[in-house]
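# Observations on the three-dimensional arrangement
Spelled out, the chains give:
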Amino acid sequence: MRAGDFLILKTKLFGKVYSFKNIKDVLAKANEEKAGDALAGIIAGSSAERVAAKVVLSEITLEELRNHPVVPYEEDEVTRIIEDSINEEAFNKIKSLTVGEFREFLLSSDEPSIKKIRDGLTSEMVAAVTKLMSNMDLVYAAQKIKNPATCNTTIGKQGTFSARLQPNNAKDDIEGIMASVMEGVSYGVGDAVIGLNPVGDNINMVTLVLNKFKEFEEKWSIPTQNCVLAHVSTQMESLKRGAPMDLMFQSIAGSEKSNRAFGIDVAVLDEAYALMQEKKSCIGNNFMYFETGQGSELSSEGHHGADQVTMEARCYGLAKRYHPFLVNTVVGFIGPEYLYNGKQTIRAGLEDHFMGKLTGLPMGVDCCHTNHMASDQNDSEILEMLLAEADCTYIMGLPVADDVMLMNQTTSFHDVATIREITNKRPIKEFEESMESLGIMENGKLTEKAGDPSIFMV
Amino acid sequence: MDEQWVRDISAVDYTSRVTVRNPKSIEACVKLKESTNARVCVGRAGTRYRTETLLRFLADHAAANDSVWSDVDESLVDRLGFFKIKTLVRDKQEYITRPDLGRKFSKDTIEEVKARCIVNPDIQIIAADGLSAFAIDANLEDTYSIISDRVRAKGYKMGTPIFVKYGRVATMDAISEALNAKVTVLLVGERPGLVTNESMSAYMAYDSSTVKPESQRTVISNIYNDGTPTVEAGAQIAYLIELMMKEKKSGIDLKL
Amino acid sequence: MADKILSVGIDIGTTTTQVIFSEFTVQNTASAFLVPKVQIVGKDIIYRSEIHFTPLVSREMIDLTKLKELIGKEYVRARIHKEDISTGAIIITGETARKENAEKVLNALSEFAGDFVVATAGADLEAVLAGFGSGAAAVSRAAFRKVINFDIGGGTTNASVFSEGELVDSFALDIGGRLIRFNKQGKVAYISDKIGKIIDVLKLNLQVGERPEFEDLNVLCMKFARIILKIASNEKLTREEEGLFIQHKNKNLKAETFMFSGGVAEFIYSNDTIATLADTAKFGDIGPLFGYSIRRIFKQSGDQLLEPKEKIRATVVGAGTHSIKLSGSTILFEEDILPIKNIPIVKVFNGGSEDIDFMDQSIREKISLYTDEDVAIAFRGPKSPRYLQIKKMAESIVSVFEDRANPIIIVVENDFAKALGQTIQDRVGNTKKVICIDNIKVDTGDYIDIGKPIENTVPVVIKTLIFKN
């Protein structure tokens, strides 16, 4: 049964009738199980109801989804940014597809065909089709799509697997930070960015660290990007004072209200973007870096009753405006009230990666877990390996995956090297060449000399 | 047979142990280790961790995990004279997934607090298990003792100390309102990491209230042996209490 | 939030006098959710004076009136009011410091010094300051190498050795660019008696009033240069050579990187060849030839010579920017008794393990030397003490001070000063003033100045040598 001019939000499954209030309700209940949707009180009441929601969703057209954003156009600037950026020509090609048909289109089409319709998508469409995909579907579809971006180097090319070197330090101690940098580079990590989450948010610290990273990169001729992940306003001030900044970072959310909780709005991001155009120290035209993560809208009470997958997709719709060099979801960073266990985290990682890729972003994933989740490092390793199969652009590299500042675990320098060997992938070319001349890599593999940070000390 | 055991890996100070095979400079590695508690200079087996690194990682994760699922030593809070209450949460499982319930009390609980605790105190101290019972076990006694000695020496009226089981930060607002406290201090176990499972935070507010925003609170986190030393944190909390009593404000309004 | 403080550095040497002003940025660098950590986050030199010849009445005596005038003019030129200065150092160096007028100079200049400026002298300290000012300390930290800095002035050579940013040795030698001076006719006008022995041993024909042979000067300067190379590479010295050390010998540490500052360094890092008496005597002393000799010797040896950030200004920059430290950020003080100056350190448990049970006994033994002077009790203390230990320490300290009228001043290394200070204060009530600071390492024999608070910390100057001569 096809919905024509009016929406059908009701179905029957094994003799039982399931009806849904509206599209937002269908989208929420069609989600794979997530603790955050339960906390928000919008989760499907049973497994059968979840499937019923998927069935109903499969029959909704992409045009109907465009007409029913989960947060109204008038109320929310993120909705406006996404809606106003739609390419009508691309949209017209797909508007009459149901979500079910759209799924099959994505699975059966090649990359050029997908890219032709991409600018006709809203985030609600991206989220909707995700809910009809199995984990392997998500890997398969995401793997087709490459979204390269250029800062000092070009990330996201076929055959590469990159990593952010995350040298976090609980005391913002510059020597401690550099110890992690040296360790990481000695494993061939850091081609995406050398990027620190600082403890304190102050201009001097941002400037000091950016300079220090630059100095290290120049001293050892390592072509990459630097970044300090402070608040955008702090970075802007540092940039105005002449700090060498390749990438400007900000955490973003899928609604105006939640962005305000981060202390930003579109105007601030626009200003940051314009300032970078003028003052950035990198070469290329992709110089923004965003982080997102399922659950952040609910945690700042800006989810507008929508599910966390849909809100996450809207982050990517917003990010797209700024042609970023890096975007990654930090999956599992808040805790079990949003993603309870390894299964939910793995699912979320695959969903986010796929959604980002489909939106057109050079998507990476921070496979993270806190110590109060029912999840462990084995789950993170599974997710990393699946992401590598999905041609994920980059993951995080930390010393033994232990973030001593954020007090959670991510993925390690060792993991990056391992995945490259398992999947026969390489770092970004210029970075690999630099690793070769440092004697750390040979033919894409670590040499004897690798894993010894003291080579940068003497 | 003699008692024999495999060596205790948790007793090893991994933050100073270099396990890189044949480094270019062992001195440089030692120096790097001294500068950070991150797990650097660990070496590798192929591209993977050495066995020692893996086992220690697993041990530290287990310790962090256990601190979430353990309960605070009740004999400690009894000995210190804390009045014990509980939020709406029924068990740890619910506590982990329902932060909303961990912020609320039943009517009966609030009535009991009003009936059995000192009302209108200058200073109300609360301890909550939060996400690490071990943090409270390790830090509560010294922190609480130094604060209460100092506050009493300054002549302030101390409230009945209260321990909240399954408690989140916002419980301090409800208790403060129930007892009409001036300054409320909540000592709570932080989400554990691999570095430590004993880190505690202190949240402080003047006229702490359920209708005020988060920014009403002044926070000191990272209280544990290798972070901010327990007694020094207690002294700083006592200092901030005096400041809040004098200025009648807290959080972003309080200039430090 | 950042605070700025102004610092002055004044260096009065045998030959030259210089002034610099720097601005320090002091800021809490910890996040809002941590206890504060106030640090000096920036040091900018905002004014460098010209290099003046030190005004002398005679060869032995500084002309105080002219000196005051000279420095006063620099304050005017820099548009700095002396009341805005919150820290810094006046250092009297080289041969001048050994003359009895050092103290007079400091008194004469005290009006320029603001409320909290250290006046000090001593060859070792000068060496240390030059090592900081030249950048040797920073290089040793960044490059993970032992770095030796020789600051070669008119009268003395002051050397400091740094490893990983920390000072590991300092010493001074009677070697300098103005130990032989020439008059306008190119005749020898002065030979320091410090180098008479060396001249005799080398059988050189150098006499006041005579025109010297270039070769004799060359032999002498090459000798000096070789001595410096020998010291730098830790080779054994002859007895005459050892005689050139001032007060004490070096610790025989071998450095990997060498650096030179001071006036003579200007000639070491230039490309000028000094081949004649005319080249040599251009500035009226052997400085140019000595610098050239060092350049040649080190080139031959193939050792790495690093160019310093500051050459002739290294000492004054060091004095202006490296004499101050900040205490820890959770401390206890009573502002009305600050600043306090020249407080002798009474280090308890000297060198031994610190058994708190014997603390009052140990303090009583050490403090008995100071009958009614203000003193600062110093010790390391446990890394993360229990409250019981804090109470025990407080009780010991309070009991010792029961029969002393002085304020209780405590300086500890580990982070617990606020806890200890409050616990002491609660026991003594209003009967005594209490100052308890941490993150400061001092030794017996040191003196300490504690300044007015900045962002809840206090600036501290530790003086290891005050007028030892």
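Cut-offs used in this document
Residues numbered from 1 in each chain as written. Chains lettered and ligands numbered in written order. Predicted model: local features only at pLDDT ≥ 70, side-chain atom pairs only at ≥ 80, totals over all residues. Pairing = 2+ DSSP bridges. Helix = DSSP H or I, 4+ residues; strand = E, 2+ residues; numbered from the N terminus. Axes fitted to C-alpha atoms, helices over the stretch in contact; angles between N-to-C directions. Contact = placed C-beta atoms within 7 Å. Nonpolar A, V, L, I, M, F, W, Y, C, P; charged D, E, K, R; others polar. Domains from an automatic or database assignment. Parallel < 35°, antiparallel > 145°, perpendicular 65-115°, else oblique. Core = buried A, V, L, I, M, F, W, Y, C linked by C-beta atoms within 7 Å. Buried ≥ 20, exposed ≤ 12 C-beta atoms within 10 Å, placed from the backbone.

Bringing the sheet that holds strand β2 (residues 123-128) of chain B into the picture now. Residue and element names in this part refer to chain B. Strand order in the open sheet made by the six strands is β1-β3-β2-β4-β5-β6, with mixed pairing throughout. The open sheet has two edge strands with one neighbour each: β1 (83-86) and β6 (218-223). Each adjacent strand pair in this sheet contributes to an overall mean axis angle of 20°, direction not counted. With seven bridges connecting them, strand β4 (residues 183-189) and strand β5 (residues 200-206) associate as antiparallel partners. Each residue of the ladder has a partner; that of V188, found in β5, is S201.

In this section: the interface of chain A and chain B. The interface is formed by 37 residues belonging to chain A together with 36 residues belonging to chain B. The set of elements that each furnish at least two residues to the side of chain A that touches chain B consists of α2 (35-39), α11 (174-185), β14 (408-409) and α20 (413-423) of chain A. Here the side of chain A that touches chain B takes six residues from α11(A), the largest share from any one element. Residue classes in the side of chain A that touches chain B are distributed as 16 nonpolar, 13 polar and eight charged.

We now examine the domain arrangement of chain A. Residues and elements named next belong to chain A. For chain A, the assigned domains read domain 1 (10-144) and domain 2 (149-456). When each unit is reduced to the centre of its C-alpha atoms, the spacing between domain 1 and domain 2 is 27 Å. The interface of domain 1 with domain 2 comprises 35 residues on the first partner and 42 residues on the second. Contributions of two or more residues to the side of domain 1 that touches domain 2 are made by α1 (23-29), α2, α5 (77-84), α9 (123-131) and α10 (135-144). Partitioned by chemical class, the residues of the side of domain 1 that touches domain 2 number 17 nonpolar, eight polar and ten charged.

Bringing the domain arrangement of chain C into the picture now. Residue and element names in this part refer to chain C. Examined at the domain level, chain C breaks down into domain 1 (2-121), domain 2 (126-318) and domain 3 (325-463). Here the C-alpha centroids of domain 1 and domain 2 sit 25 Å apart. In this complex, domain 1 contributes 15 residues to the contact, which on the side of domain 2 involves 13 residues. Among the elements of the structure, β1 (2-12), β2 (16-28), β3 (38-48) and α2 (94-98) are those that each provide at least two residues to the side of domain 1 that touches domain 2. A total of three residues in the side of domain 1 that touches domain 2 trace back to one element, the largest contributor, which is β2.

What follows concerns the interface of chain C and chain B. Accessible area lost when the parts come together is the quantity often used to give the size of an interface. Taken residue by residue, the interface counts 18 residues in chain C and 25 residues in chain B. Where the side of chain C that touches chain B is concerned, the elements lending two or more residues are α14 (387-401) and α15 (417-428) of chain C. When residues of the side of chain C that touches chain B are assigned to their parent elements, the largest contribution, four residues, is made by α15(C). Class assignment for the residues of the side of chain C that touches chain B results in ten nonpolar, three polar and five charged.

Our next topic: the packing of helix α4 (residues 123-134) of chain C against helix α12 (residues 314-321) of chain C. All names here are of chain C. Two numbers describe how α4 lies on α12: the axes approach to 7 Å, and their chain directions differ by 95°. Compared by their axis directions, α4 and α12 come out roughly perpendicular. On α12, the residues that touch E126, L129, A130, F132, G133 and S134 of α4 are A314, T315, V317, G318 and A319. Across the contact of α4 with α12, the residue classes tally to six nonpolar, four polar and one charged.

In this section: the nonpolar core. Generally speaking, nonpolar side chains in soluble globular proteins are found buried as a group. Core analysis: the biggest nonpolar cluster contains 163 residues, and L27(A), L247(A), M248(A) and Y289(A) have the highest contact counts within it. Setting aside its immediate chain neighbours within four residues, M248(A) contacts V232(A), Q235(A), A272(A), M276(A), F287(A), M288(A) and Y289(A). In this structure, I136(B), V188(B), A202(B) and V412(C) belong to the second largest nonpolar core, which totals 96 residues.

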